[in-house]
Amino acid sequence: EAPGQAEVAAAAAARAAEAQAVEAAKAVRVAKAEQLRQLRQLREQKRRLQEQKPLLEEQRRRAAIEDQRRLFEEVETHAHARARARAHAHAHAHAHAHAHAH
């Protein structure tokens, strides 16, 4: 005997629901795969950063040393300049004193 209208409709609905479930499952798989991919990317970035850290710290340390050296040189230069200026003034004062004495 031929199946009734209701049974045909029910079977069609069941098939549609199954197709939807398959699609949903596929979407979930895709989403999970995407999440995994992103997670791997993040881990990779983190690893690269970890690798670069000592390098960056070394660069920062060198820069700091360089700054210190430059600062020290500037201070030294100024100190020398001041000392020279003082010596110069001193010499002049002596020369004048001698000129007047004679």
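Refer to the structure above for everything that follows.
Keep in mind that what you see is a predicted model, and the values were worked out from it rather than measured.

**Student:** Which residues make up the overall build of the chain, and what are the values?
**Tutor:** If you tally the helices and strands in the chain, you get 1 helix and 0 strands. In terms of C-alpha radius of gyration, the chain reaches 43 Å, well past the compact-globule figure of 13 Å for 102 residues. For the chain, the spread of C-alpha atoms along the three principal axes comes to 150 × 25 × 5 Å. The 102 residues of the chain split such that 0% are buried. When the accessible area of the chain is evaluated, it comes to approximately 9,500 Å², of which 60% is carbon and sulfur surface. Between the centroid of the 19 positive side chains of the chain and the centroid of its 14 negative side chains there is a distance of 7 Å.

**Student:** Explain the pattern of salt bridges to me, using residue names and the numbers behind them.
**Tutor:** Should the charged atoms of two oppositely charged side chains come close, the side chains can pair. Applying the stated criterion across every chain, the model contains 11 salt bridges. Notably, a salt bridge pairs Arg 47 with Glu 51, separated by 2.5 Å at the nearest N-O pair. Residue Arg 47 and its partner Glu 51 are both found in helix H1 (residues 5–101); the two are separated by 4 residues, about one turn of the helix. For Arg 69, the salt bridge goes to Glu 73, with nearest N and O atoms at 2.6 Å. Here the residue Arg 69 and the residue Glu 73 both occupy positions in helix H1, the gap between them amounting to 4 residues, near one helical turn. Three or more residues are tied together by salt bridges with common partners; here these are Glu 66, Asp 67, Arg 69, Arg 70 and Glu 73.

**Student:** I'd love a proper account of the environment of Gln 38, names of residues and values included.
**Tutor:** You can see Gln 38 is positioned in helix H1. With 42 residues separating them in the primary sequence, Gln 38 and His 80 have C-alpha atoms 60 Å apart.

About the cut-offs
- Residues numbered from 1 in each chain as written.
- Predicted model: local features only at pLDDT ≥ 70, side-chain atom pairs only at ≥ 80, totals over all residues.
- Heavy atoms only, no water.
- Helix = DSSP H or I, 4+ residues; strand = E, 2+ residues; numbered from the N terminus.
- Rg over C-alpha atoms; globule rule 2.2 N^0.38 Å.
- Buried < 20%, exposed > 50% of the residue type's maximum accessible area, 1.4 Å probe, protein only.
- Areas by Shrake-Rupley, 256 points an atom, 1.4 Å probe, with all protein chains shown as cover.
- Lys, Arg positive; Asp, Glu negative; His and termini not counted.
- Charge placed at Lys NZ, Arg CZ, Asp CG, Glu CD.
- Salt bridge = Lys/Arg side-chain N within 4 Å of Asp/Glu carboxyl O.

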